[in-house]
Amino acid sequence: MTASPDSLAGLDATGSTGRWRDHLVMLGCAMVGFSSLYLTQSLGTELQRLHGLSVQECAALLTATTLGLAVASPLAGLLVQRAGPRRALLAGLALLGLLDAGLAVAGDFPALLVLRTVQGIAMPMVLSALLTSIERQPSARAALGISATYVMGTVCGGVIGRLLPASLVPAFGWAPAFLALAALHGLAVLLALAGFRGGPAGRRGAAPRERRQGGGPTLTAVYAGGFALLFSQIAVFTYIAFRLAEPPFGWSTAALGSLYLVFLPSLAFVHGSRQVVTGIGHARAVAAAAAVAWCGLLATLTDLPAAIIAGLVAFSTAVFFVQAVLAHALSLCPAASGARASGGYLFFYYLGGSLGSMAPALLWPRFGWAGCLGLVAALQLSLAALAWAAPAAGGTRRPDKRKA
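Keep in mind that what you see is a predicted model, and the values were worked out from it rather than measured.

Any chance you could explain the overall build of the chain here in plain terms?
Helix and strand counts for the chain come out as 15 helices and zero strands. Relative to its full complement of 404 residues, the chain shows a buried share of 53%. Nonlocal contacts in the chain, meaning residues at least 24 apart in sequence, comprise 85% of its contacts between residues at least 6 apart. Entry remark: accessible area of the chain is about 16,300 Å², with carbon and sulfur atoms responsible for 69%.

See below:
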């Protein structure tokens, strides 16, 4: 991400009050901005009941958002560079709020699809502005602290984006629920106005030793990992809602929204990812997390709600752990600038999410939940083989570094 003079002031240069304000603004803006991605994922039954949508059309609303986000992500850095992080953040939050208000009055599938696509295009304005403020911190300690708050915000935003609509729509109706979500974005705009501070830019730190020496994971492996990660997460959490809404479970919309609280335990493990990578390397850390994830997914094949919940906790914890590992691996990739590598990663990450929401719909009518998991397994194995076979940037495949 290219630096801009309009950025969050360094944490180390502020007092205790300033540091708390910086973390509060980062947490609130990341939560609200990221919540827009998953607004319709827990509303499948309501979309079918209120708007007459099919399973494929419900999935398309999420696909449109992730695809718009994937396409817009490489361009978001240029916008932030020109407008400045503060202006981009305020514009992005305000636009997302207006689009929520538009969803409140949208009455058919084409209108919903257009609005969800534009939400995906608008989201990188918020995320890129926040990421730029992280990259411009004056010290590694400051960057690590505010980065951890950003990750917490995105995880909590994923929960809020699913839980709030699923709770508000059945209780108050479609239009009041989305107007309330628009008001939430308005509060985030006020928070950013009050606390997202401009100031002297921090200097980006030097590249890690492994990157300077040309070691570390390959970009192909990291891109493939990002693609598979969001494909798997969105496929699982989109279609498990359809499974639990059907017999023998018959969960209500509100109950389905609370399902995404299974994300919260992952907050206790994300910060331990670097220590694990230091001990066993990136590839083994990802492989271990994949084993945990699939133990959890196999548990969801049962008809026991407790086993399904426990399995989803294991799966989501592994997913967010891998996300942290991949973010660290990206910083070690040779032969790519930070902006180029980050833009490419975000593109493949959200492209995977776009396909993950739509591709299982082709198998769902005939194979159901087992077919969805089979597709996820096939994709993961295929991309793992691709990543293993791909040469490193220097022309030969290097072993995974044990030191992170």
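The discussion continues.
Sorry, what's going on with the side chain of H185 here?
For H185, the location among the structural elements is in helix α7 (residues 174-195). Within the local environment of H185, its side chain forms a polar contact with the backbone oxygen of V32, the two atoms lying 3.5 Å apart. Among the polar contacts made by the side chain of H185, one reaches the side chain of D100 at a distance of 3.1 Å. With residues near it in sequence (within four places) discarded, H185 still touches V32, S35, S36, L93, L96, G97 and D100.

How should I be thinking about the packing of helix α3 (residues 55-83) against helix α9 (residues 219-245) in this particular structure?
Packed helix pairs are characterised by how far apart their axes lie and by the angle those axes make with each other. Where α3 contacts α9, the axes come no closer than 12 Å and their chain directions differ by 155°. When the interaxial angle is binned, α3 and α9 end up roughly antiparallel. Once α3 is placed against α9, the crossing between them reads as right-handed. Residues V55, C58, A59, L62 and T66 of α3 lie in contact with α9, whose contacting residues are I234, T238, Y239 and F242. Partitioned by chemical class, the residues of the contact of α3 with α9 number seven nonpolar, two polar and no charged.

Looking at this structure, I do not really get the pattern of salt bridges. What am I missing?
Side-chain pairs of opposite charge can arise where the charged atoms are in close proximity. Inspection of every chain in the model, using the stated rule, returns two salt bridges. In this structure, the salt-bridge partner of E46 is R49, at a minimum N-O distance of 2.6 Å. Of this pair, E46 and R49 both sit in helix α2 (residues 44-51), three residues apart, which is roughly one turn of that helix. On the basis of relative accessibility, which here comes to 6%, the residue E46 falls in the buried class. Of the residues examined, R49 reaches a relative accessible area of 57% and is grouped as exposed. A salt bridge links D303 to R243; the shortest N-O distance between them is 3.1 Å. You can see D303 sitting in the loop between α12 (282-299) and α13 (305-332) and its partner R243 sitting in helix α9, a full 60 residues away along the chain.

Teacher, can you tell me more about a nonpolar patch on the surface here?
Taken together, L187, L190 and L193 make up a surface patch of nonpolar side chains, about 300 Å² in accessible area. Within the secondary structure, L193 sits in helix α7.

Help me understand the packing of aromatic side chains in this model?
What characterises a pair of aromatic rings is the spacing of the ring centres plus the angle enclosed by the ring planes. Under the counting rule described, the total for this entry stands at 14 aromatic pairs. Ring centres of Y239 and W364 lie 5.5 Å apart, and the angle between their planes is 40°; this geometry places the pair in the tilted category. A residue pair is termed long-range when its members are at least 10 positions apart, and Y239 in helix α9 and W364 in helix α15 (residues 364-389) qualify at 125 residues. Across this residue pair, the class does not change: Y239 and W364 are buried. Each ring, one from F347 and one from F348, has its centre 5.3 Å from the other, and the planes form 80°; the classification is edge-to-face. For F348, a relative accessible area of 32% corresponds to the partly exposed category. The rings of F237, Y260, F263, F315 and F320 are connected pair by pair, giving a single aromatic cluster. When the ring centre of Y38 is taken as reference, the NZ or CZ atom of R162 above it lies at 3.7 Å.

Whenever I open this one, the nonpolar core confuses me. Can you help?
For soluble globular proteins, nonpolar side chains are generally found buried alongside one another. Core analysis: the biggest nonpolar cluster contains 105 residues, and L89, L93, L130, F178, F237, Y239 and Y350 have the highest contact counts within it. The element contributing the most residues to this core is α9, with 18 residues. Taken together, domain 1 (21-197) and domain 2 (217-389) each give at least three residues to this core, which thus spans both. Setting aside residues up to four positions removed in sequence, F178 forms contacts with L39, L43, D100, A101, L103, A104 and V169.

Got a minute to help me understand empty space enclosed by the protein in this structure?
Where empty space is left can be seen by rolling a probe of water-molecule size over the atoms. Applying the stated rule across the entire model yields three cavities of 30 Å³ or more. Lining the largest cavity, in full, are T40, Q41, G44, L47, C58, A59, L62, T238 and F242. Elements that contribute at least two residues to the lining of the largest cavity include exactly α2, α3 and α9. In terms of residue count, α3 provides more of the lining of the largest cavity than any other element does, three residues in total. Size it by volume and the second largest cavity reaches roughly 40 Å³. Contributing to the lining of the second largest cavity are Q41, S42, G44, T45, A241, F242, A245 and L256. Of all elements in the fold, only α2 and α9 reach the threshold of two or more residues within the lining of the second largest cavity. The dominant element in the lining of the second largest cavity, judged by the number of residues it contributes, is α9, at three residues. Residue contributions to the lining of the second largest cavity reach at least three from each of two domains, namely domain 1 (21-197) and domain 2 (217-389).

Can you walk me through α7 in this structure?
A turn of α-helix holds 3.6 residues, and therefore any two residues three or four places apart point the same way. Taking 1.5 Å of rise per residue, 22 residues should cover 32 Å, and α7 covers 32 Å from first to last C-alpha, within 8% of that figure. What α7 keeps buried is the set W174, A177, F178, L181, A182, H185, A188, V189, A192 and G195. All buried residues of α7 project into a common sector of 155° when viewed along the axis, lining one side. Exposed residues on α7 whose side chains face more than 90 degrees from its buried face are L187, L190 and A194.

Rules behind the numbers
Residues numbered from 1 in each chain as written. Predicted model: local features only at pLDDT ≥ 70, side-chain atom pairs only at ≥ 80, totals over all residues. Heavy atoms only, no water. Helix = DSSP H or I, 4+ residues; strand = E, 2+ residues; numbered from the N terminus. Buried < 20%, exposed > 50% of the residue type's maximum accessible area, 1.4 Å probe, protein only. Contact = heavy atoms within 4.5 Å. Areas by Shrake-Rupley, 256 points an atom, 1.4 Å probe, with all protein chains shown as cover. Polar contact = N/O pair within 3.5 Å; in protein donor to acceptor, adjacent residues only side chain to side chain. Axes fitted to C-alpha atoms, helices over the stretch in contact; angles between N-to-C directions. Parallel < 35°, antiparallel > 145°, perpendicular 65-115°, else oblique. Left-handed = near helix turned anticlockwise from the far one by under 90°. Nonpolar A, V, L, I, M, F, W, Y, C, P; charged D, E, K, R; others polar. Salt bridge = Lys/Arg side-chain N within 4 Å of Asp/Glu carboxyl O. Patch = residues over 30% accessible without salt bridge, like charges linked within 9 Å, V, L, I, M, F, W, Y side chains within 5 Å. Phe/Tyr/Trp six-rings, centres within 6.5 Å; stacked < 30°, edge-to-face > 60°. Lys NZ or Arg CZ within 6 Å of the ring centre and 35° of its normal. Core = buried A, V, L, I, M, F, W, Y, C linked by side-chain atoms within 4.5 Å. Domains from an automatic or database assignment. 1 Å grid on protein atoms, 1.4 Å probe; cavity = no way out; pocket = protein on both sides within 12 Å on 5 of 7 lines; lining within 4 Å. Points joined across faces, edges and corners; volume = space filled by probe spheres on them. Expected span 1.5 Å × (residues − 1). Arc of directions from axis to C-beta.

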